[in-house]
Amino acid sequence: MDAAAPFHAGEVAVQARLGVADRMDEIGRKVVRDQLPEQHQRFYEQLPFRLAGSVDPTGRPWATMLVGQPGFVQAPDAWHLTFDAKPMPGDPAAAGMTVGAPLGLLGIELHTRRRNRVNGRLLSVEPSGLRLQVEQTVGNCPQYIQGREYEWVRDAADTRPRAVERLHDLDDEAAWLIAAADTLFVATHAGAAGADVSHRGGPAGFVMQEDARTLLIPDYSGNRMFMTLGNLQLDGRAGLLFVDFESGDLLTLTGRAEIVWDGPELATLNNAERAWRFHLDEGWWLRDALPLRWRFR
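Residues numbered from 1 in each chain as written. Predicted model: local features only at pLDDT ≥ 70, side-chain atom pairs only at ≥ 80, totals over all residues. Heavy atoms only, no water.

**Q** Could you clarify how one ought to interpret the side chain of E45 in this entry?
**A** Relative to the helices and strands, E45 resides in helix 3 (residues 38-45). Residues contacting E45, with those up to four places away along its chain left out, are P70, G71, V73, Q74 and A75. (Helix = DSSP H or I, 4+ residues; strand = E, 2+ residues; numbered from the N terminus. Contact = heavy atoms within 4.5 Å.)

**Q** Whenever I open this one, the sheet that holds strand 2 (residues 61-67) confuses me. Can you help?
**A** Adjacent strands of a sheet form backbone hydrogen bonds with each other and so pair up, either parallel or antiparallel. Taken in spatial order, the seven strands line up as 2-1-5-6-7-4-3 in an open sheet, and their pairing is antiparallel. Edge positions in the sheet fall to strand 2 and strand 3 (73-77), since each has one partner strand and no second. Across this sheet, the average inter-strand angle for adjacent strands is 35°, counted without regard to direction. Bridge analysis of strand 4 (residues 80-83) against strand 7 (residues 129-140) gives four bridges, and the strand direction is antiparallel. Its bridge partner being in strand 7, F83 is matched across the sheet by L130. Sheet strands in contact with helix 3 are strand 1 (49-55), strand 3, strand 4, strand 5 (102-109), strand 6 (114-126) and strand 7, and its direction is about 75° off that of strand 6. (Pairing = 2+ DSSP bridges. Axes fitted to C-alpha atoms, helices over the stretch in contact; angles between N-to-C directions.)

**Q** What am I meant to see in helix 3 here?
**A** In an α-helix, one turn spans 3.6 residues; hence positions three or four apart end up facing the same way. What helix 3 keeps buried is the set H40, Q41, F43, Y44 and E45. The inward-facing, buried residues of helix 3 abut strand 1, strand 3, strand 4, strand 5, strand 6 and strand 7. (Buried < 20%, exposed > 50% of the residue type's maximum accessible area, 1.4 Å probe, protein only.)

**Q** What should I look at first to understand the packing of helix 1 (residues 9-17) against helix 5 (residues 227-234) in this one?
**A** At their nearest, the axes of helix 1 and helix 5 sit 7 Å apart, and the two run at 110° to each other. Comparing the axis directions of helix 1 and helix 5 gives the class roughly perpendicular. The chirality of how helix 1 crosses helix 5 is right-handed. Taken together, the residues of helix 5 that come into contact with helix 1 (itself represented by G10, E11, A13 and V14) are M227, L229, G230, Q233 and L234. Residue composition of the contact of helix 1 with helix 5, grouped by class: five nonpolar, three polar and one charged. (Parallel < 35°, antiparallel > 145°, perpendicular 65-115°, else oblique. Left-handed = near helix turned anticlockwise from the far one by under 90°. Nonpolar A, V, L, I, M, F, W, Y, C, P; charged D, E, K, R; others polar.)

**Q** Would you take a moment to explain unusual backbone geometry for this structure?
**A** The general pattern is negative phi for most residues beyond glycine and trans for most peptide bonds. A positive phi angle, close to 75°, is found at Y144, a residue other than glycine. You can see Y144 is positioned in the loop between strand 7 and strand 8 (148-152). Take Y144: its relative accessible area is 28%, and that puts it in the partly exposed class.

**Q** Would you explain helix 4 (residues 172-180) in this entry?
**A** Along helix 4, the residues that are buried comprise A174, L177 and I178. The buried residues of helix 4 occupy one face: seen down the axis, they fall within an arc of 95°. Counted as exposed and oriented over 90 degrees from the buried face of helix 4: D172 and W176. Considering only its buried residues, helix 4 is in contact with strand 9 (163-167), strand 13 (214-219), strand 14 (237-243), strand 15 (250-260) and strand 16 (274-287). (Arc of directions from axis to C-beta.)

**Q** What's the story with the pairing of strand 16 in this structure? I'm lost.
**A** Taken residue by residue, a regular strand's side chains alternate between the two faces of the sheet. Of all 14 residues making up strand 16, 13 are buried, and the element is well covered by its neighbours. In this sheet, strand 16 lies alongside strand 9 in antiparallel orientation, the contact comprising five bridges. Along strand 16, the bridge assignment pairs R166 with W284. Across eleven bridges, strand 15 lies against strand 16 in antiparallel orientation. Bridge assignment links R256 to a residue of strand 16, and that residue is H279.

The following block contains the structure:
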């Protein structure tokens, strides 16, 4: 592909399999950018949290949240973002936040259902926060975002989990959170193409648990860029983040994922065009880590 091509080989492979590669190349050259438009710079600066996807030294992706009072993210220009925040203590995603490492970011505003994603590399990692070089940015539609209003329950800088608990299987509490979830976030990466974090949403219970270590996640009709599935084509590892919007708990998981293109299991996932199966390797509870709470609208 030439230098201006908007998608990497994994994304193009998925698009070609589904017969949309030529059309997406045309669209991608218009909407996938290497810099932040003014409106997106201002959008990020008004957010109280950002989703992040990092890759630890063993190559495992982890999804997490960075939190702060609106303004904790700043866009000094179209090619950089700075964060007056750092990972939560005990968060496994922190291991991948080092100078030169890829970092995927998702700005999402649940009460307005706006979102935008940025992928880049970390230029500096200091006790006071992070600085990112923007490499790719693209807007996403509000489809499948569940509307929620937020409120602060303590100081924004207090992201210390009240407990950090490791799990090897999806215990009863994890199974309950997943069964009730209408939202999850997924981190993936594709080697030199960088890291990414994306939103997935649906009706409560849209994620199906197959056993104590396996989840089946529907893939609904979307923008046809296939950034997450494209990454899985090149590196079949993924990190999942489930948020308990009422308690502030985070359930973060990492493991292997495989795309389910067809088969009888799709019949159990209403309106799914395909799915992907997630096999758990390791997970953590970060208890009451978030100083935010959300109310379903």
